[in-house]
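Results of the structural survey
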Amino acid sequence: MDYQELTLSYFLTDILGVNLKSIAVSFIVIGVVLLFLMVNWVVSDALRRYKDTTIAAIWGLTVLLTNVIGFVLYIIWRPVYTMDEEDAYNLYKKYLEYSLQGIKTCYKCSSVLEEDSLFCTNCGAQVAKKCTSCGQVNDYLAKFCKKCGKQFKATKR
Ligand SMILES: [Zn+2]
Ligand SMILES: [Zn+2]
């Protein structure tokens, strides 16, 4: 240490009561905590996006070793949709395909249903509603009865 460093250290330690070492230690502690939070977030996010858990583990390790660089790479490379979103999209696609063919299916689980079904026989979801004034079976999303025009209350999906 030269004279200048010594005076600075003396000034900080004795006059301000600040210990340079403890400042350095707290920076390292904060850095490590942030790194672990980042790794934790990346792994749990990756588990929702990849079918293979090894890939999630590899991403976690990458972030652990490369810190922010790995984190940025993950954000760029990760699949846009989570598996849940992808499943929902595929189900919806199947539902649309069947409806175009005139086959009634459950919007929730895609089971093929009979034309007059009010509830899904596989998952129990309400797939249609009966008009309270004329008895006509309407689509579960219908706002008005297709036979008598009675207005339905809003349907929750
Ligand atoms: Zn169903
Ligand atoms: Zn009606």
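What you are looking at is a predicted structure, and each value in this text was computed from that prediction instead of being measured.

Helices and strands together make up the secondary structure of the protein, namely 5 helices and 2 strands. Reading the helices (α) and strands (β) of the protein from amino to carboxyl end gives α-α-α-α-α-β-β. In terms of overall size, the protein is more extended than a compact globule, its C-alpha atoms giving a radius of gyration of 30 Å where 157 residues would be expected to give roughly 15 Å. Judged by the C-alpha coordinates and their principal axes, the protein covers about 95 × 35 × 20 Å. Expressed as a percentage of the 157 residues in the protein, the buried residues total 8%. Looking at the protein alone, contacts between residues at least 24 apart form 15% of all its contacts between residues at least 6 apart.

Packing of helix H2 (residues 20-49) against helix H3 (residues 53-66) leaves a shortest axis separation of 8 Å and a crossing angle of 160°. Between H2 and H3, the angle is such that the two are roughly antiparallel. Crossing angle aside, the handedness with which H2 passes H3 is right-handed. Here Leu 35, Met 38, Val 39, Val 42, Val 43, Ala 46 and Leu 47 of H2 come into contact with H3, specifically with Thr 53, Ile 55, Ala 56, Trp 59, Gly 60, Val 63 and Leu 64.

Phi is positive for Asn 67, close to 60°, though the residue is something other than glycine. Note on placement: Asn 67 falls in the loop between H3 and helix H4 (68-77).

Residues Val 39, Val 42, Ala 46, Trp 59, Val 63 and Tyr 74 constitute the largest nonpolar core, which totals 6 residues. Listed by contribution, the elements that provide at least two residues to this core are H2 and H3. At 3 residues, H2 tops the list of elements feeding residues into this core. With residues near it in sequence (within four places) discarded, Val 63 still touches Met 38, Val 39, Val 42, Gly 70, Phe 71 and Tyr 74.

This paragraph deals with the domain arrangement of the protein. Here the domain parsing of the protein yields domain 1 (3-80) and domain 2 (84-139). Placing the centre of domain 1 and that of domain 2 at their C-alpha centroids yields a distance of 49 Å.

Rules used throughout
- Residues numbered from 1 in each chain as written.
- Chains lettered and ligands numbered in written order.
- Predicted model: local features only at pLDDT ≥ 70, side-chain atom pairs only at ≥ 80, totals over all residues.
- Helix = DSSP H or I, 4+ residues; strand = E, 2+ residues; numbered from the N terminus.
- Rg over C-alpha atoms; globule rule 2.2 N^0.38 Å.
- Buried ≥ 20, exposed ≤ 12 C-beta atoms within 10 Å, placed from the backbone.
- Contact = placed C-beta atoms within 7 Å.
- Axes fitted to C-alpha atoms, helices over the stretch in contact; angles between N-to-C directions.
- Parallel < 35°, antiparallel > 145°, perpendicular 65-115°, else oblique.
- Left-handed = near helix turned anticlockwise from the far one by under 90°.
- Core = buried A, V, L, I, M, F, W, Y, C linked by C-beta atoms within 7 Å.
- Domains from an automatic or database assignment.

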